[in-house]
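# Commentary on secondary and tertiary structure
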Amino acid sequence: MAQATVNRPQEEDTKSFRLLSGHTIPAVGFGTWRSGAEATNSVFTAIVEAGYRHVDTAPEYGIEEEVGHALQASMRAGVERKDLFVTSKPWCSDLSPDRVRTALKNSLEMLQLDYLDLYLIHWPFHLKQGASKPPKPGDVLEFDMEGVWREMEKLVKDNLVKDIGICNFTINKLQKLLRFAQTMPSVCQMEMHPGWRNDKMLDFCMENGIHVTAYSPLGSSEGGRDMIHDQTVEIVAKKLNKSPGQVLVKWGLQRGTSVIPKSSHPERIKENIKVFGWQIPEQDFIALSTILEQKRVLDGADLFVSKSCGPFKSVADLWDDED
Ligand code: NDP
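- Looking up the protein in an unreviewed UniProt entry gives the name Aldose reductase isoform X1, with the organism given as Ziziphus jujuba.

### Focus: unusual backbone geometry
- Across the junction of Lys133 and Pro134, the peptide omega takes the value -5 degrees, indicating a cis bond.
- Position of Pro134 relative to the elements: it lies in the loop between β7 (126-127) and β8 (140-141).
- Within the chain, Asn168 stands out as a residue other than glycine whose phi angle is a positive 60 degrees.
- Looking at the secondary structure, you find Asn168 in the loop between β9 (161-167) and α5 (171-180).

### A closer look at the nonpolar core
- Judged by nonpolar contacts, the single largest core of 98 residues is most densely connected at Leu71, Leu116, Tyr119, Ile121, Trp123, Trp149 and Ile280.
- In contact with Leu116, not counting residues within four places along its chain, are Arg81, Val86, Ser88, Leu104, Leu108, Leu111, Leu160, Val161 and Lys162.

### Comments concerning the pattern of salt bridges
- Counting across every chain of the model gives 16 salt bridges.
- With its nearest N and O atoms 2.8 Å apart, the salt bridge here joins Asp94 to Arg99.
- Linked through salt bridges whose partners overlap, the residues forming this network are Glu146, Arg150 and Glu153.

### Examining the packing of aromatic side chains
- One pass over the structure, following the stated rule, counts 6 aromatic pairs.
- Consider the rings of Trp123 and Trp319, whose centres lie 5.9 Å apart with planes at 65 degrees: the pair is edge-to-face. Separated by 196 residues along the polypeptide, Trp123 in the loop between β6 (116-121) and β7 and Trp319 in the segment after α12 (315-318) bring together distant segments of the chain.
- By relative accessible area, which is 6% here, Trp123 ends up buried.
- Pairing Phe125 with Phe304 gives two aromatic rings, centres 4.7 Å apart and planes at 40 degrees, and the pair type is tilted. Here Phe125, found in the loop between β6 and β7, pairs with Phe304, found in helix α11 (residues 301-304); they are 179 residues apart in sequence, far enough to count as distant.

What counts and how
Residues numbered from 1 in each chain as written. Predicted model: local features only at pLDDT ≥ 70, side-chain atom pairs only at ≥ 80, totals over all residues. Heavy atoms only, no water. Helix = DSSP H or I, 4+ residues; strand = E, 2+ residues; numbered from the N terminus. Core = buried A, V, L, I, M, F, W, Y, C linked by side-chain atoms within 4.5 Å. Buried < 20%, exposed > 50% of the residue type's maximum accessible area, 1.4 Å probe, protein only. Contact = heavy atoms within 4.5 Å. Salt bridge = Lys/Arg side-chain N within 4 Å of Asp/Glu carboxyl O. Phe/Tyr/Trp six-rings, centres within 6.5 Å; stacked < 30°, edge-to-face > 60°.

This is the structure in structure tokens:
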């Protein structure tokens, strides 16, 4: 059960957040999961027409090459590389010390870049190449978190990535990482929307100076939770004369997180970043921050849980019983 903390809304209308490293991350980024054949057009529209500067992708999304085409086209259209913030994530089958650098090199090649702004451990679990969903016996391997992090740290030293971070960690796993990290994780990317606030993780990251990026801020797509049509979100949107998508993005920003909505529709891509120059008033912010039904959409069950053979026999196991 998530705790009932209500993080107070931020006063300033921030367009970027400063990371522990001193670099900045744009407050609104563009998500690319399930962008499919539209990925190149969507990312180009997001950057060149809508003004996004932060693009979130991963090899697991199967569209890094398409994202790369869009990045190149955006740069030909006049956007400078230094003004873009590109994030990718090694997949679980590459989470062994001997594979991390090759995984990064593959992402750089696909994206046609010579460095990434941010490289995040996608999930804190190590899978065998070609693992099934759900995993078969032997598909979930031991995760050498320290060995993998050391390799990620080397990527920073070698100027191949500017920042490193994590996704889908628990407080328990993050505490473990902090015990040996020589380079702190700059960013923790987690599912966060009013239907899954994950206050405990947000508070823990903030206490440690780790910036949080909220993924699936609209409740995700197929099989997700439709926060766009949530009653409280609709009421606040109507009152403020904004769209539900804008209210959800703004709620994340006012909690102090960067937010990475995905859309394949140009009008929504443009709408979702029009979140500056206005605020969600405190009482509406609190209404959004106290929605009772709290549940993860992306609990990792299909990827990592096997009731019969383990090592993770339940969703609670994956999340260290912290929910
Ligand atoms: P989102 O919460 O961003 O929701 C995307 C869905 O909302 C799509 O179905 C989209 O449809 C729809 N949508 C977008 N804008 C609007 C709007 N204004 N009005 C109505 N509907 C809208 O889901 P994601 O799960 O994609 O999360 C965002 C990003 O976060 C991902 O794309 C990915 O980059 C990242 N992510 C990271 C994870 C991790 O493990 N680190 C896990 C999951 C996501 P349409 O496209 O048709 O407009």
